[in-house]
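Remarks on the overall topology
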Amino acid sequence: MDGKAFRADFPIFEIEKSMYLDNAATSQKPKCVLEAEYGFYEKMNANPLRGFYPLSVEATKAYEDAREKVRGFINAASVKEIIFTRNTTESINLIAYSYGLNNLCRNDEIVVSITEHHSNLLPWRMVADRTGAKIKYLYPNKEGEFDPAAIDEAITERTKIAAMGQVSNVLGSLNPIDHLIKRVHEVGGVAVIDAAQSAPHMAIDVKKMNPDFLAFSGHKMFGPMGIGVLYGRKELLEAMPPFMEGGEMVDIVRFDYTKYSELPHKFEAGTVNAGGAVGLSAAIDYINKVGFDTMNEIEESLTKRAFEAMKNIPHLHILGGDSAEKHHGIISFTLDDVHPHDVSAILEADGIDVRAGHHCAGPLLEFLGVNSATRLSLMFYNTEEEIDAFTKSVASIRERMGFND
Ligand SMILES: Cc1ncc(COP(=O)(O)O)c(C=O)c1O
């Protein structure tokens, strides 16, 4: 089972003939998304939220309709809880600067897992450095799994923030965020969930999940680059100061007085990325049309195909879980004696695009005892032929590098 039937939705596959297996870095964009963003600039380009003339009103409506689409996508209670940002990184920095710096002090604790992408780690280190709070790391086992008891122990009365990604961008593991959220709420802290790798693959319901903040990027879920989302609980966002100051986030400015706009605009300083928001809205329509069930069925089948073949390649070591089900479309690996950059260069020569390096997860790689790794990451539009070409190429690498065992 594979995604052949959907390839025609993605114009890039007509032009670019290499096999794209780096989907965790960014997804490809369906035609409907490209057309939606183009259509915004073609038919309704004016600065939204500023003009009273019809074109600007239309641009504003398109932008705010996109916000409503995102609200529905994650089942938030109100559009006031949906802040448009550039990406996951900016969303988490917004929380760190606006909430973290203003609510933490010396000896408070921030609990963060070592499997995090740097975007959900460095902002917390910055908050700790500036406030005197302490970072407390959560360690998984070698398979990338967290023990709920260790979460209970790490989160104490001093914990003000607990941050965790829903799916690891290196291991593909699904983390116990429900447990983390419940526990941090017991001690009166807030939970920050990085959904960058989960939003493209699974339904998120913030009413059920109950995070205080949740972040994701449009470009990883078939939308354009440059548009991201921060969900935040209304009471928290209302009490937080703006992250950036300037136009569009303010209602009244006098020499000695400023009245900030209501949510969500208080957090959206400057001209917004309305074209990106419209593109993201089209991406959500596309996801709803294909359906996560169909996407997951294909992705699970492709992951299994890749995992089973990789398991049998001599000298290949898969990072993380010992079964395909634990990988959610992401399989990082090392190959004895061959640097991951050489692995990816040889794959590239065979027309296969994958990522090699530290995957912006330095502490996790350090914990696993590797400097870098090669990562295969799948999307529902990938095919069995691509998986087979990938595993065949990987299986030949050591021999091509001159090793004969
Ligand atoms: C888990 C995770 N968090 C955060 C990010 C950062 O996303 P962005 O670069 O879109 O801000 C990524 C990107 O790869 C990621 O995989």
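In this text the structure is predicted, and so the values were computed from the model without any measurement. (Residues numbered from 1 in each chain as written. Predicted model: local features only at pLDDT ≥ 70, side-chain atom pairs only at ≥ 80, totals over all residues. Heavy atoms only, no water.)

Turning our eyes to something else, we now look at the overall build of the chain. Helix and strand counts for the chain stand at 14 helices and 15 strands. In terms of C-alpha radius of gyration, the chain reaches 22 Å, essentially the compact-globule figure of 22 Å for 405 residues. Considering only contacts in the chain between residues 6 or more positions apart, those separated by 24 or more positions represent 69%. Accessible surface computed for the chain: about 17,100 Å², of which carbon and sulfur atoms make up 52%. Both charge centroids of the chain, one from 41 positive and one from 58 negative side chains, sit 4 Å from each other. (Helix = DSSP H or I, 4+ residues; strand = E, 2+ residues; numbered from the N terminus. Rg over C-alpha atoms; globule rule 2.2 N^0.38 Å. Contact = heavy atoms within 4.5 Å. Areas by Shrake-Rupley, 256 points an atom, 1.4 Å probe, with all protein chains shown as cover. Lys, Arg positive; Asp, Glu negative; His and termini not counted. Charge placed at Lys NZ, Arg CZ, Asp CG, Glu CD.)

Neighbouring residues of the ligand: Asn-87, Thr-88, Thr-89, His-117, Ser-119, Asn-169, Asp-194, Ala-196, Gln-197, Ser-217, His-219 and Lys-220. For the ligand, an oxygen atom lies 3.4 Å from a polar atom in the backbone of Thr-88. Here an oxygen atom of the ligand sits 2.7 Å away from a polar atom, N or O, in the side chain of Gln-197. If the ligand stood free it would expose 390 Å²; the protein chains cover 87% of that surface. (Near = heavy atom within 4 Å. Polar contact = N/O pair within 3.5 Å; in protein donor to acceptor, adjacent residues only side chain to side chain.)

Time to look at the packing of helix H12 (residues 340-349) against helix H14 (residues 384-400). Here H12 crosses H14 at 120 degrees, and the two axes come no closer than 10 Å. The orientation of H12 relative to H14 falls into the category oblique. For the element pair H12 and H14, the recorded crossing hand is right-handed. Taken together, the residues of H14 that come into contact with H12 (itself represented by Val-343, Ile-346 and Leu-347) are Phe-390, Ser-393, Val-394, Ile-397 and Arg-400. (Axes fitted to C-alpha atoms, helices over the stretch in contact; angles between N-to-C directions. Parallel < 35°, antiparallel > 145°, perpendicular 65-115°, else oblique. Left-handed = near helix turned anticlockwise from the far one by under 90°.)

The final tally for this structure, using the stated rule, is 31 salt bridges. Here Asp-22 and Arg-375 are joined by a salt bridge, their closest N and O atoms 3.3 Å apart. One end of the pair, Asp-22, is in the loop between strand E1 (19-20) and helix H2 (31-43); the other, Arg-375, is in strand E15 (residues 373-377), and 353 residues separate them in sequence. Looking at Asp-22, the relative accessible area reads 9%, which means it is buried. The class of Arg-375 is buried, set by a relative accessible area of 3%. Between Arg-86 and Glu-90 there is a salt bridge, with its nearest N and O atoms 2.7 Å apart. Residue classification places Glu-90 among the buried residues on the basis of a relative accessible area of 15%. (Salt bridge = Lys/Arg side-chain N within 4 Å of Asp/Glu carboxyl O. Buried < 20%, exposed > 50% of the residue type's maximum accessible area, 1.4 Å probe, protein only.)

The subject of this paragraph is the domain arrangement of the chain. Often, the extent of an interface is quoted as the loss of accessible area upon association of its parts. By domain assignment, the chain separates into domain 1 (4-21 + 291-400) and domain 2 (33-287). Look at where the C-alpha atoms of domain 1 and domain 2 centre, and you get two points 28 Å apart. Taken together, the 33 residues of domain 1 in the interface contact 31 residues of domain 2. Buried surface at the junction of domain 1 and domain 2, both sides included, amounts to about 2,600 Å², of which 63% is carbon and sulfur. (Domains from an automatic or database assignment. Buried area = accessible area lost by both parts, 1.4 Å probe.)

Further remarks concern the side chain of Glu-268. With respect to the secondary-structure elements, Glu-268 resides in the loop between strand E10 (257-260) and helix H10 (274-290). When its relative accessible area of 4% is taken as the criterion, Glu-268 is described as buried. A distance of 2.8 Å separates polar atoms of two side chains, one belonging to Glu-268 and the other to Tyr-63. Sequence-distant contacts of Glu-268, that is, excluding residues within four places in its chain, are made with Tyr-63, Arg-67, Ile-82, Ile-83, Phe-84, Gly-247, Glu-248 and Met-249.

The next point concerns the environment of Gly-291. Within the secondary structure, Gly-291 sits in the loop between H10 and helix H11 (292-311). A residue is classified by how much of its surface remains accessible, and Gly-291, at 17% relative accessible area, is buried. Placed 89 residues apart in sequence, Gly-291 and Met-202 show a C-alpha to C-alpha distance of 9.5 Å.

Turning next to the sheet that holds strand E11 (residues 316-318). Judged by pairing direction, the sheet is antiparallel, and its four strands sit side by side in the order E11-E12-E15-E14 without closing on themselves. The open sheet is flanked by E11 and strand E14 (355-357), the only strands paired with a single partner. The average undirected angle you get between the axes of adjacent strands in this sheet is 30 degrees. Direction of pairing for strand E12 (residues 330-335) relative to E15: antiparallel, over a ladder of four bridges. Counted as the bridge partner of Ser-332 is Arg-375 from E15. Contacts between H14 and the sheet are confined to E11, E12 and E15, with E12 contributing the most and set at about 15 degrees to the helix. (Pairing = 2+ DSSP bridges.)

With 20 residues, H11 should cover 28 Å at 1.5 Å per step; its first-to-last C-alpha distance of 27 Å lies within 8% of that length. By the burial criterion, the buried members of H11 are Phe-292, Met-295, Ile-298, Glu-299, Leu-302, Thr-303, Ala-306, Phe-307 and Met-310. The arc that holds the buried residues of H11, viewed along the axis, is 160 degrees, so those residues lie on one side. H11 presents Asp-293 and Glu-300 as exposed residues on the side facing more than 90 degrees away from its buried surface. (Expected span 1.5 Å × (residues − 1). Arc of directions from axis to C-beta.)

A cluster of acidic side chains, namely Asp-293, Glu-297, Glu-300 and Glu-325, defines a negative patch on the protein surface. Considering the arrangement of structural elements, one finds Glu-297 in helix H11. Among the residues examined, Glu-297 registers a relative accessible area of 45% and is labelled partly exposed. (Patch = residues over 30% accessible without salt bridge, like charges linked within 9 Å, V, L, I, M, F, W, Y side chains within 5 Å.)

With respect to topology, seven strands assemble into an open sheet ordered E2-E8-E7-E6-E5-E3-E4, the strand pairing being mixed. Each edge of the open sheet is held by one strand with a lone partner, namely strand E2 (82-85) and strand E4 (134-138). Neighbour-to-neighbour, the strand axes of this sheet turn through a mean angle of 20 degrees, independent of strand direction. Where E2 and strand E8 (residues 228-232) come together, four bridges link them in antiparallel fashion. Following the sheet pairing, Ile-82 is matched in E8 by Tyr-231. Where helix H3 (residues 54-74) meets the sheet, it contacts E2, strand E7 (213-217) and E8, and its direction lies at approximately 115 degrees from that of E2.

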